[in-house]
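So you can see what is in the structure, the chains are spelled out below.
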Amino acid sequence: AQSVTQPDIHITVSEGASLELRCNYSYGATPYLFWYVQSPGQGLQLLLKYFSGDTLVQGIKGFEAEFKRSQSSFNLRKPSVHWSDAAEYFCAVVPRGYNKLIFGAGTRLAVHP
Amino acid sequence: EPEVTQTPSHQVTQMGQEVILRCVPISNHLYFYWYRQILGQKVEFLVSFYNNEISEKSEIFDDQFSVERPDGSNFTLKIRSTKLEDSAMYFCASSEETVPNTEAFFGQGTRLTVV
């Protein structure tokens, strides 16, 4: 079945530590890939996206993501987390030929001082 | 910076009542969407709208739901007879082109509580 999976529901890291949030997808053709962030009381904000080309994508707020076709993954990373990064992070895909985002369940990130 | 605005931010309604959720998309955008997020669950696509008609809808978007662009600026979602399970955060989004080609911008959401 077609799906977007974020295996980690909650992650807690210390400020300054590195971060990796996992995302796997299951689609016949590689979909377009996105990461969104939802801060408390805010809407969804696009962090970065991957369509093709270089498999390491840079986004806003110091985030990056790496597309690995062999693993059907698009993991989000940040080398040093700040307290303001505490939020919920959603991996999303747009299947080829469609005009809608399909979201994963989200990963809630907590940052310890 | 242009943004998508949604009103109200929170609406409480009695089961069986009609509700209208309002959205003002970014002015030069042509594609409009509604998504919802039931508490603790994933964000789900409801409907997309282009050129004054629905271009796609999900299984969730049954006859109780309708969308409208009543004037040049507003985009509304109507739920005719609300059920308890309609309680959710509803997000409006808009984009200049189709989503793979351009970014979809989301509003802050309307939290609908059906009692």
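As shown above, the structure is provided for reference.
The paragraphs below set out a description of the structure included in this document. A quick note: this is a predicted structure, and the numbers were derived from the prediction, not measured.

Comments concerning the environment of Ser-94 of chain B
Residues and elements named next belong to chain B.
Point 1. In this fold, Ser-94 is placed in strand β9 (residues 88-95).
Point 2. In this structure, the C-alpha to C-alpha distance between Ser-94 and Ala-104, residues 10 residues apart in sequence, is 5.4 Å.
Point 3. Polar side-chain contacts of Ser-94 include one of 3.4 Å to the backbone nitrogen of Ile-26.
Point 4. Within the local environment of Ser-94, its side chain forms a polar contact with the side chain of His-29, the two groups lying 2.7 Å apart.

Observations regarding the packing of aromatic side chains
Two numbers describe a pair of aromatic rings. These are the distance of the centres and the angle of the planes.
Point 1. If you walk through the whole model with that rule in mind, you get 20 aromatic pairs over all chains.
Point 2. With 4.8 Å between their ring centres and 70 degrees between their planes, Tyr-32 of chain A and Phe-51 of chain A make a pair best called edge-to-face. Note that Tyr-32 of chain A is positioned in strand β5 (residues 32-38) and Phe-51 of chain A in the loop between β6 (44-50) and β7 (56-58), a separation of 19 residues in sequence.
Point 3. Looking at Phe-51 of chain A, the relative accessible area reads 25%, which means it is partly exposed.
Point 4. Here Phe-63 of chain A and Tyr-89 of chain A contribute two aromatic rings whose centre-to-centre distance is 5.5 Å and whose plane-to-plane angle is 45 degrees, an arrangement assigned as tilted. Residue Phe-63 of chain A is found in the loop between β7 and β8 (64-68), and its partner Tyr-89 of chain A is found in strand β10 (residues 87-94); the two are separated by 26 residues along the sequence.
Point 5. Phe-63 of chain A sits in the buried class, given a relative accessible area of 0%.
Point 6. Its relative accessible area of 1% is what places Tyr-89 of chain A among the buried residues.
Point 7. Following the ring pairs from residue to residue traces out a cluster consisting of Tyr-32, Phe-34, Tyr-36, Phe-51, Phe-90 and Phe-103 of chain A together with Tyr-33, Tyr-35, Phe-45 and Phe-106 of chain B.
Point 8. Here Arg-96 of chain A stacks its cationic end above the ring of Tyr-32 of chain A, 4.2 Å away from the centre of that ring.

Brief notes about the interface of chain B and chain A
Point 1. Every contact between the two is made by 19 residues of chain B and, on the other side, 20 residues of chain A.
Point 2. Contact with chain A buries area across many residues of chain B, yet Lys-42, Pro-100 and Phe-106 of chain B alone supply 31% of it, more than any other trio.
Point 3. Ionic pairing is found between Glu-56 of chain B and Lys-100 of chain A, a salt bridge with its closest N-O pair at 2.8 Å.
Point 4. Taken together, the links from chain B to chain A amount to 4 residue pairs in polar contact (both at pLDDT 80 or more).

Quick look at the state of the cysteines
As used here, a disulfide is simply a covalent bond connecting the sulfur atoms of two cysteines.
Residues and elements named next belong to chain A.
Point 1. For the coordinates displayed, the defined rule picks out 2 disulfides over all chains.
Point 2. Cys-23 shares a disulfide with Cys-91; S-S distance 1.9 Å. Taking the torsion about the sulfur-sulfur bond, which here is approximately -65 degrees, the covalent link between Cys-23 and Cys-91 counts as left-handed. Residue Cys-23 is located in the loop between β3 (19-21) and β4 (24-26), and its partner Cys-91 is located in strand β10; the two are separated by 68 residues in the primary sequence.

Observations concerning the nonpolar core
Point 1. The biggest cluster of nonpolar side chains holds 27 residues, and the ones touching the most others in it are Leu-19, Trp-35, Leu-47, Leu-48, Phe-74, Leu-76 and Tyr-89 of chain A.
Point 2. Of all the elements in the fold, those that place two or more residues in this core are β2 (10-14), β3, β5, β6, β8, β9 (73-78), β10 and β12 (107-112) of chain A.
Point 3. Sort the elements by how many residues they give to this core and β10 of chain A lands first, with 4 residues.
Point 4. Not counting chain neighbours up to four residues away, the residues in contact with Leu-47 of chain A comprise Trp-35, Tyr-36, Val-37, Gly-59, Ile-60, Lys-61, Phe-63, Leu-76 and Tyr-89 of chain A.
Point 5. Core analysis: the next-biggest nonpolar cluster, separate from the first, contains 22 residues, Ile-38, Phe-61, Ile-79 and Ala-88 of chain B among them.

The rules behind these values
Residues numbered from 1 in each chain as written. Chains lettered and ligands numbered in written order. Predicted model: local features only at pLDDT ≥ 70, side-chain atom pairs only at ≥ 80, totals over all residues. Heavy atoms only, no water. Helix = DSSP H or I, 4+ residues; strand = E, 2+ residues; numbered from the N terminus. Polar contact = N/O pair within 3.5 Å; in protein donor to acceptor, adjacent residues only side chain to side chain. Phe/Tyr/Trp six-rings, centres within 6.5 Å; stacked < 30°, edge-to-face > 60°. Buried < 20%, exposed > 50% of the residue type's maximum accessible area, 1.4 Å probe, protein only. Lys NZ or Arg CZ within 6 Å of the ring centre and 35° of its normal. Contact = heavy atoms within 4.5 Å. Buried area = accessible area lost by both parts, 1.4 Å probe. Salt bridge = Lys/Arg side-chain N within 4 Å of Asp/Glu carboxyl O. Disulfide = S-S within 2.5 Å. Core = buried A, V, L, I, M, F, W, Y, C linked by side-chain atoms within 4.5 Å.

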